[in-house]
Amino acid sequence: MKHRKLLSIVLSALLCLVMTTGAIAETTITYIASQDWVQDAEIELGEKFYQETGIKVDYQIVPSDQYTNLLMTKLNTNECTDIFGSQAGQFDVVTLLNVEKNALDLSNEPWAATLDPLAAAETSVNGKLYGQPVQDLSAVWAIAYNKQIFNRLNLSVPTNFAEFMAVCEAIKADGVTPIFEAVTDGWHHQLWFCEMGPAIEHLEPGTAEKLNNNTMTFADSAAAKLLVDQIKQMVDAGYWGEDYMTNEYTDAAKYIASGEYAMTVANQGFPTEINAAYPEFPAEDIGYFVIPLCDNQIMNVNPVGPTRFIWSGSPNADAAKAYLEFLARPENLQYQIDNVAKFNTLPYAGVQDKYSDELKAFYAAYPEQGTVYQTAVKYVNPQWMEIGKELVSVLLGDQTSEQFLKNIDRNRADQAVAAQDEAWK
């Protein structure tokens, strides 16, 4: 009788375990993100998370040029995914995402205290944390160059625009296209403009504050106009080559490694990416210098980037929080650093970076730093793709740099009014 009772208890316990496991296994959280925001390493961790918890992650990846509009539609119609990705920034999380309404407060999550304070500030509102940064925020968009080509032509790193144009001319004369650019992706070519906020700020101190207070426009800035004019000057001189309108950025590593192109705008994971795809090309053969338009010698930094948010209307909020907690465990952060070529670190305590001596020297070469305008200035980042389209019009000669800047100002004003920004009333 005792054995029968014990067997009954064991069977009941097993049945409960099966039922519980089955219920968990049916839980799926949805996660929408723009292309290149979810790395293979994260998907691999997502599978490990499923094995540990029974919670599946449905990754919904959307092309960059469609993403922002789709995300806004989902948020505005109250039909968002459990987790949504977005560029963060102390202004955009309020004016674009309205995170106090659309996202959950993550301040008390176990990983929140390990987040880098600068990154936390860019994803917080009124002292509450709403986002979990996704990528390496220490990397900057700078000019990566093929040292083999520079050495062969006896070229030095340029320190101003005139020297940069001379370097480009020497490379072009050698039969190599100086700069790889990829307009077709819609997101990359405007880096030449938006990342140069520190240069504008250096030439015209206080511009970012005036733009945010609506006491100045981009069209008022001589430095901004010079910047756009110099971008067009590069293109008109043939330094972006003949295929910049149809190139895809995923091919950057191939073209730089092959020697067909000498330079491209990239972050500091690029050398590892090249070496991983083309082992015969040493990672140390890629060097870096800051974009020298407007004679810039200031390091352009951005304390924020793609960020995960949990939608406030999520029916699976606890499961979504569990996923974010899982990703932020030190061993899983380290797994991403070690297995994502373009990551050298992540903005959390308790991780080990993988900076090479070359990269350390690059950062040391530019002690002065400034924040890029897509983070420092309101209503720039939300029109990222539109800026790209407007810049193409300039490059094709369909509009002037003045018109380009006025269009940015118009779009900023429209967004400010929609956000009921006091400075625009």
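Preceding this paragraph is the structure being described.
Residues numbered from 1 in each chain as written. Predicted model: local features only at pLDDT ≥ 70, side-chain atom pairs only at ≥ 80, totals over all residues. Heavy atoms only, no water.

**Side note on the pattern of salt bridges**
- Considering all chains together, one arrives at 13 salt bridges under this definition.
- Note that Arg-329 is salt-bridged to Glu-52, the shortest N-O span being 3.1 Å. Linking Arg-329 in the loop between α15 (317–327) and α16 (330–339) with Glu-52 in helix α2 (residues 40–53), this pair joins segments that are 277 residues apart in sequence.
- Residue Asp-251 is joined to Lys-254 by a salt bridge in which the shortest nitrogen-to-oxygen separation is 4.0 Å.
- Given the relative accessible area of 25%, Asp-251 is considered partly exposed.
- For Lys-254, a relative accessible area of 35% puts it in the partly exposed group.
- Within this structure, Glu-52, Glu-325 and Arg-329 form a network of salt bridges that share partners. (Salt bridge = Lys/Arg side-chain N within 4 Å of Asp/Glu carboxyl O. Helix = DSSP H or I, 4+ residues; strand = E, 2+ residues; numbered from the N terminus. Buried < 20%, exposed > 50% of the residue type's maximum accessible area, 1.4 Å probe, protein only.)

**Some words on the state of the cysteines**
- Going through the model one piece at a time under the given rule, you end up with 0 disulfides.
- Here Cys-294 stays free of any disulfide, with the sulfur of Cys-194 as its closest cysteine sulfur at 14 Å.
- Residue classification places Cys-294 among the buried residues on the basis of a relative accessible area of 9%. (Disulfide = S-S within 2.5 Å.)

**Re the packing of helix α12 (residues 222–236) against helix α19 (residues 384–395)**
- Two elements in contact, α12 and α19, have axes separated by 10 Å at closest approach and are oriented at 60°. Here α19 runs oblique to α12, going by the angle between their axes. The interaxial crossing formed by α12 with α19 has right-handed handedness. Where α12 approaches α19, its residues Val-228, Ile-231, Lys-232 and Val-235 are matched on the opposing element by Leu-391, Val-394 and Leu-395. (Axes fitted to C-alpha atoms, helices over the stretch in contact; angles between N-to-C directions. Parallel < 35°, antiparallel > 145°, perpendicular 65-115°, else oblique. Left-handed = near helix turned anticlockwise from the far one by under 90°. Contact = heavy atoms within 4.5 Å.)

**Side note on unusual backbone geometry**
- The backbone of Asp-295 shows a phi angle near 60°, a positive value even though the residue is not glycine.
- Inspection of the secondary structure puts Asp-295 in the loop between β10 (286–289) and β11 (299–301).
- With a relative accessible area of 47%, Asp-295 lands in the partly exposed category.
- You will see that Gln-420, though not glycine, has its phi angle at about 55°, which is positive.
- Overall, the relative accessible area of 59% leaves Gln-420 in the exposed class.

**Points about the sheet that holds strand β7 (residues 142–146)**
- Taking strand neighbours across the sheet as the criterion, the 4 strands line up as β8-β9-β7-β10 in an open arrangement whose pairing is mixed. The sheet terminates laterally at β8 (177–180) and β10, the two strands that pair on one side only. Averaged over neighbouring strand pairs, the angle between their axes works out to 25° when direction is ignored.
- Of the strand pairs in this sheet, β7 and strand β9 (residues 261–266) are connected by 4 bridges, and their pairing is antiparallel. Pairing of Ala-142 across the sheet is with Ala-266, part of β9.
- Running at roughly 160° to β10, helix α14 (residues 270–277) makes contact with β7, β9 and β10 of the sheet.
- Sitting on the sheet, helix α17 (residues 357–365) is in contact with β7 and β10, with an inclination near 10° to β10. (Pairing = 2+ DSSP bridges.)

**Overview of the nonpolar core**
- Phe-164, Trp-192, Phe-193 and Met-263 are the most contacted members of the largest nonpolar core, which totals 80 residues.
- For Phe-164, the residues in contact, after removing those within four places along its chain, are Ile-143, Pro-158, Ile-179, Trp-192, Met-234, Met-263, Phe-289 and Pro-292.
- If you look at the next biggest cluster of nonpolar residues, it comprises 55 residues, including Tyr-31, Leu-71, Val-99 and Trp-111. (Core = buried A, V, L, I, M, F, W, Y, C linked by side-chain atoms within 4.5 Å.)

**A short note on the pairing of β10**
- Alternating residues of β10 divide into Ile-286 and Tyr-288 and Gly-287 and Phe-289, and every residue in both groups is buried.
- Two elements, β7 and β10, share 4 bridges in a ladder whose sense is antiparallel. From the neighbouring strand, Ala-144 faces β10, where its bridge partner is Tyr-288.

**Observations regarding the packing of α2 against α15**
- Relative orientation of the contacting elements α2 and α15 amounts to 120°, with a least axis distance of 10 Å. When the axes of α2 and α15 are compared, the pair comes out oblique. For the crossing formed where α2 meets α15, the hand is right-handed. From α2, Glu-42, Leu-45, Gly-46, Lys-48, Phe-49 and Glu-52 reach across to α15, where they touch Ala-319, Ala-322, Tyr-323, Phe-326 and Leu-327.
- A per-class count over the contact of α2 with α15 returns 7 nonpolar, 1 polar and 3 charged. (Nonpolar A, V, L, I, M, F, W, Y, C, P; charged D, E, K, R; others polar.)

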